[in-house]
Every structure is written in structure tokens, then in C-alpha cells.
Amino acid sequence: MEKNTAHQDPHGCWQVAGVPLASRMLLGTAHYPSLHVLSDAVGASGTEVVTVGLRRLQPESGGGNHFWQRVQSLGCHVLPNTAGCHSAEEAITLAQMAREIFGTHWIKLEVIGDDYTLQPDLIATLDAATRLARDGFAVFAYTTDDLVMAQRLHGAGCAAVMPWAAPIGTGRGPLNPYALETMRRRMPDAVLVVDAGLGLPSHAAQVMEFGFDAVLLNTAVAQAGDPVRMARAFAQAVSAGRAAFESTPMPERSAAQASTPTVGMPFWHAQ
């Protein structure tokens, strides 16, 4: 597999939207049992980027200011998202509001096309991504594992393309490993972050072994029996998966090959 080195530096960090990051794990902030657990999980994960839905800060959501104060105290880069949008216009409007409220040009773009699977509307996503990138946003675009759409989003100027492994919140892990492996191989210069569908640390390790730059998690950590311990487990898996990718794994073979040499074996094994 072709190594994706265009967005790494010699010190082991990777870069997205011009920002160097040591952690390859991004973490969502929804569905935690409490703000205290959220804070502890973020600390255990080592993440430097947290995603926040603008609707969490609306007055009718209750406790919006308290939530935002806690997020600010985490000391992480904030990645606002357009969760809940169903059209390009709605997502663009929410992104512009988020830029004013959060003081960042980063935006995680989500335009949902199907309420049952939460599959993104790829046509609307590309439209919104193109327009937002032209407006100076660093767009982190949530998409499926469709290679052609991923290429078009990258070509539109997205800072990161974020394919799902499985539908949001299912925790089923990579349903189409071939598609994800192909995407990484065909897009060596793009920042690719697996977003949605990971449920176990082993799932994260698997996609990191494919060469993805990072993973974004929320439900798998927030709804675990012990979110803090699970956050730590995912961090270890992400690190292990990346190390395995960079170590160049042995090739798969169709037949067995002895790992012990026959030269010098005791005489009774030679008969």
C-alpha cells in the first residue's frame, strides 16, 4: 500500500487544516452520562479535537451555556458540526452561525439524506462542501465509502474526507473493508478520517492498519458501560493500528510457510 506521508511531519504528528496533531482520535461530545464523565473520557482518550453540535447550545436545549463552558475547559480544538441538516442551504446557514459562535472556520459537514440509516445526501454534501470551501471554511465532510464521491469532495477543497465504516451509531465496524482500503490506496494525498459505525477498539485498529489518518468516535465511547476506560482502550487501539501500518505488515499468502528454518534441524526431523 502506498504510504500517506503528505500530511505528516518528521516528529510523528499529522496535520489537518494546517494544524499539527499528535492524537489520531477525534471525539464527539454527545450522549455521555454526565459532563464529568465527558471530561474524564476526553482526558483518557488524549484527543485534541472534539466535535460539538450547534443545537446543543440553543436555549431550548437547556444547559447550553454550562455545556459550552465545560467544552471550553477541555483545551481541545472545537469542530462544530451540522448534524440534523437535510439540505445544502440548511447546512451552509448552520456552518456560518457556527463560525460566529465558536470562532473557528472548521466545520464538520453533515447533510442527512435518509432518516432511517442517517446516510448522507451525497449530492447535497458535495454542493455544500464546494461552497463552504470557497467561503474559507476547513470542511470535514461526512460521507459514505463511495470512492468517486470521496475523490470529488477532496477535489472540492475539503480539509478532510470522512467516510463511514457503517451507519451512525450501529457499532458494527467496517462493513466494506475493501471499499475503505481502496479509498486509502487511491487517495494517498488526502486526509481521510473514518467517521461513524465503529463500536470496538479492534474496529479502530483495523481501519488504522489500512492507513487512515484518524478516526472520529462518539457513541462507542459515550454509551459504553465505562466511557473513560473505553476511551483509553480506543486510544491504545488507534496507536497500535497506526504503528502496524507504518511498520509495513507481512504479505498475505495462500499457502503455509514455515517460520522455523530447516537448515540445522536435528537429524531425526530430516528423515
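Residues numbered from 1 in each chain as written. Predicted model: local features only at pLDDT ≥ 70, side-chain atom pairs only at ≥ 80, totals over all residues. Heavy atoms only, no water.

(A) The arrangement of the pattern of salt bridges in detail. Tallying each qualifying case throughout the model produces seven salt bridges. A salt bridge links Asp 135 to Arg 99; its shortest N-O distance comes to 3.0 Å. Here Asp 135 is found in the loop between helix H4 (122-134) and strand S7 (138-143), whereas its partner Arg 99 is found in helix H3 (residues 88-102), with 36 residues between them in sequence. With relative accessibility at 25%, the residue Arg 99 sits in the partly exposed group. With a closest N to O distance of 3.0 Å, Arg 242 and Glu 246 form a salt bridge. With a gap of four residues between them, Arg 242 and Glu 246 both fall in helix H9 (residues 227-246), about one helical turn apart. Owing to a relative accessible area of 4%, Arg 242 belongs among the buried residues under this scheme. Taken together, the shared-partner salt bridges in this structure form one network comprising Glu 89, Asp 127 and Arg 131. (Salt bridge = Lys/Arg side-chain N within 4 Å of Asp/Glu carboxyl O. Helix = DSSP H or I, 4+ residues; strand = E, 2+ residues; numbered from the N terminus. Buried < 20%, exposed > 50% of the residue type's maximum accessible area, 1.4 Å probe, protein only.)

(B) Quick peek at the nonpolar core. Counting 64 residues, the largest nonpolar core has Val 139 and Val 221 as the members making the most contacts within it. It is H3 that provides the largest number of residues to this core, a total of seven residues. Every residue in contact with Val 221, bar those within four places of it in the chain, is listed here: Met 25, Leu 27, Tyr 32, Ala 41, Pro 227, Met 230, Ala 231 and Phe 234. Judged by nonpolar contacts, the second largest core, of 17 residues, contains Val 19, Leu 21, Ala 159 and Ala 160. (Core = buried A, V, L, I, M, F, W, Y, C linked by side-chain atoms within 4.5 Å. Contact = heavy atoms within 4.5 Å.)

(C) View of H4. A rise of 1.5 Å per residue sets the reference length of H4, with its 13 residues, at 18 Å; its end C-alpha atoms lie 18 Å apart and thus fit the reference within 8%. Taken together, the buried positions of H4 are occupied by Leu 122, Ala 124, Thr 125, Leu 126, Ala 128, Ala 129, Thr 130 and Leu 132. Tucked inside the fold, the buried residues of H4 contact H3, strand S6 (106-109), S7 and helix H5 (147-155). Backbone nitrogen of Ile 123 and a side-chain oxygen of the N-cap are separated by 3.2 Å at the start of H4; the cap is Asp 121. Phi for Gly 136, located one or two positions after H4, is positive at around 95 degrees. (Expected span 1.5 Å × (residues − 1). Polar contact = N/O pair within 3.5 Å; in protein donor to acceptor, adjacent residues only side chain to side chain.)

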